[in-house]
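# A look at the structure
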Amino acid sequence: MRYLPHTAHDRGDMMQVIGVENVDDLFVDVPRKALLQAPVDLPMHAGEIEVERALSAMAARNVPAGSVPFFVGAGAYRHHVPAAVDHLVQRSEFLTAYTPYQPEVSQGTLQVLFEFQTQVALLTGMDVANASMYDGASACAEAVMMANRVTRRRRAVLSGGLHPHYRDVVDTQARFVDAEIIFNPADAEGLENLVDLIDDETSCVVVQNPTFFGHLRDLRDLANACHARGALLIVAVAEVVSLGAVTPPGAMGADIVVGEGQSLGNALNFGGPYLGLFAARARFVRQMPGRLCGETVDAEGRRGFVLTLSTREQHIRREKATSNICTNSGLCSLAFTIHLSLLGEEGFKHLAALNHAKACKTAAVLGGIDGVSVLNDTFFNEFTVRLAKPAATVVDELAARGIMSGVPVSRLMPDTGQDDLMLVAATETTTDEDIAALADGLRGVLR
Amino acid sequence: MSDLRFTKEHEWVRVEGSTATVGISEYAQEQLGDVVFVELPSVGADVEAGGDAAVVESVKAASEVYAPVSGKITDVNGDLEASPGLVNESAEGDGWFWKMELSDPDELGELMTPDEYKTFLEELD
């Protein structure tokens, strides 16, 4: 099969018009050492049957989360997504309708975005939410930049309970703008005190709730301490289902809430695409990144939807925009909205309670095993255990036995001396058999 | 009104002693239409003549507002936060944007008098 539509004749004609001898002449401005001197190390073309066979063999080496006892979390969670969600998001009206450039033509898409924003604002306890961002980590970095704009300061304090991926993305983005980041050390025990790190030059404090290690935080004192110094409190929520059971950040004084919305409507997807949630107090709306959909009435008084406050955005303000993000995770946010709508408020609370109950059961069983101790006094659906052996070894040995036991902290926070810690997540999909298999497996490898 | 001086970017400045008050002209507010938001500079910030100092956003457009002269911002019009429409109602009065301490009063000589500005506008049309 031919993948390039131009024939040798076409190419000859084009090269003659622009006056070059051969294709290589087009690359004369690229330094020689930057050019690949050998063919790309890939197999040559093959027939459809051979390609299908090769790719199926590669795919079979994956372990699908649903096929084994699965306790992996750390910012990406396996939940049950009702079949209706997939069916609805694949309707062609939705599947192809990106945030449109003539947005008001697509009232259905805008209405979904508006409903999504409403749901995110309600869940987080905030006044206003945008139409979504790429993922929790990039939303977190945008929140730090926003806090710097709002406060006209440049120093952010990051909690040691913030997901290391979120910290890394904030760090990367901060390198290319005028910002300074203070990283508090990893906080496995959930005992850190950030108040002393806040001063009159602090733009914001970023905390995660529940933390990366699973601890739940009462953020009210921290919020007051931030506000007393003119700083903002940014709260990251890596597991959105927790908001069905935990006091929302908005009720504890958060100024900006960011989150990962993958848990609702979206599968693990090998790590992406995911769904960044972003919500803030109304008085900061002009400094928010991303798209915002608003409700209005048309000339005949009928309810309608528009993209609004676009003057913050790149296509109008160019380099003075609040963010480079001119889009949203449209399809992922649609799946989120449909899933949450199917659950309803009561269903969502029930889902959260179920997650917590499964995690409690898992923690109780694991805590009774020699060589395993649960670090957390509080958690939602994920907690940290200290193991009598290096966690990475334990995880690998259990994986070889067909048990995905969790995430070794050392994998995401290398060189922090926490090699014996493992994060364990349970969701509504966790069964008693899964918990028993994990417990048996742990007894085996820790013996 | 004769104490006002204007820029080609349609800002005005009124000088009292070493302090200048700055806003956008009646013509500018007419061109913008209903003003919905004004982003003001920080008190204490240093601005340079011709540099960005504020943003005025109307239902039609978002526009930069440049500092007519150089100096330090000493005060901003907090009323614009709740009532950006003041810019439309009284562009050259209550709808002022900021006050500043001049660092180089000679720069005022570069600006247009009301008569010169009027002629400038007639040439624009």
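Residues numbered from 1 in each chain as written. Chains lettered and ligands numbered in written order. Predicted model: local features only at pLDDT ≥ 70, side-chain atom pairs only at ≥ 80, totals over all residues.

### Describing the overall build of chain A
Regarding its fold elements, chain A presents 13 helices and 13 strands. For chain A, whose C-alpha radius of gyration is 25 Å, the value lies close to the compact-globule estimate of 22 Å for 447 residues. Along the first, second and third principal axes, the C-alpha atoms of chain A reach 75 × 60 × 45 Å. Residue burial in chain A is summarised as follows: out of 447 residues, 44% are buried. The long-range fraction of contacts in chain A, counting pairs at least 24 apart against all pairs at least 6 apart in sequence, stands at 73%. (Helix = DSSP H or I, 4+ residues; strand = E, 2+ residues; numbered from the N terminus. Rg over C-alpha atoms; globule rule 2.2 N^0.38 Å. Buried ≥ 20, exposed ≤ 12 C-beta atoms within 10 Å, placed from the backbone. Contact = placed C-beta atoms within 7 Å.)

### Notes on the interface of chain A and chain B
Counting residues at the interface gives five residues for chain A and four residues for chain B. Residues belonging to the side of chain A that touches chain B are distributed by class as follows: one nonpolar, one polar and three charged. (Nonpolar A, V, L, I, M, F, W, Y, C, P; charged D, E, K, R; others polar.)

### A look at the sheet that holds strand 6 (residues 256-260) of chain A
All names here are of chain A. The strand order across the open sheet formed by seven strands is 1-7-6-5-4-2-3, and the pairing between neighbours is mixed. Unpaired on one side and paired on the other, strand 1 (128-129) and strand 3 (180-183) mark the two borders of the sheet. By the bridge criterion, four bridges tie strand 2 (residues 155-158) to strand 4 (residues 202-208) in an arrangement that is parallel. From the neighbouring strand, Leu158 faces strand 4, where its bridge partner is Val206. (Pairing = 2+ DSSP bridges.)

### A few points about the packing of helix 5 (residues 107-124) of chain A against helix 10 (residues 330-367) of chain A
All names here are of chain A. Between helix 5 and helix 10, the shortest axis-to-axis distance is 9 Å and the interhelical angle comes to 65°. Helix-helix and strand crossings are classified by hand; for helix 5 and helix 10 the assignment is left-handed. Here Val112, Leu113, Glu115, Phe116 and Gln119 of helix 5 come into contact with helix 10, specifically with Ser333, Leu334, Phe336, Thr337 and Leu340. (Axes fitted to C-alpha atoms, helices over the stretch in contact; angles between N-to-C directions. Left-handed = near helix turned anticlockwise from the far one by under 90°.)

### A closer look at helix 5 of chain A
All names here are of chain A. Given a rise of 1.5 Å per residue, 18 residues ought to cover 26 Å, and the 26 Å separating the end C-alpha atoms of helix 5 matches this to within 8%. Thr109, Leu110, Val112, Leu113, Phe116, Gln117, Gln119, Val120, Ala121, Leu123 and Thr124 are the residues of helix 5 that are buried. Residues of helix 5 that are buried make contact with strand 1, strand 6, strand 7 (276-280), strand 8 (293-297), strand 9 (303-307) and helix 10. (Expected span 1.5 Å × (residues − 1).)

### Focus: the nonpolar core
Counting 119 residues, the largest nonpolar core has Cys140, Val144, Val205, Val206, Leu233, Ile234 and Met422 of chain A as its most contacted members. Not counting chain neighbours up to four residues away, the residues in contact with Ile234 of chain A comprise Ala143, Val144, Ala147, Cys204, Val205, Val206, Asp255, Ile256 and Val258 of chain A. Listed in part, the 30 residues of the second largest apolar core include Val13, Val22, Val38 and Met100 of chain B. (Core = buried A, V, L, I, M, F, W, Y, C linked by C-beta atoms within 7 Å.)

### Brief notes about helix 2 (residues 48-59) of chain A
Relative to the 16 Å expected for 12 residues at 1.5 Å per residue, helix 2 of chain A spans 16 Å between its end C-alpha atoms, a close match to the ideal helical length. Little of helix 2 of chain A sits out of view: just zero of its 12 residues are buried.

### Let's talk about the confidence of the model for chain B
A residue-level look at chain B finds 98% of positions with pLDDT of 70 or above and a mean pLDDT of 92. Under the prediction, the complex receives an ipTM of 0.71, its pTM being 0.87. (pLDDT = per-residue confidence, 0-100.)

### Some points on the sheet that holds strand 6 (residues 52-58) of chain B
Residue and element names in this part refer to chain B. One open sheet holds the three strands; their spatial order is 4-6-7, and the pairing between them is antiparallel. Only two strands of the sheet have a single neighbouring strand rather than two, namely strand 4 (35-39) and strand 7 (62-66). Between one strand axis and the next, the sheet turns by 25° as a mean value, whatever way the strands run. With five bridges joining them, strand 6 and strand 7 adopt antiparallel strand pairing.

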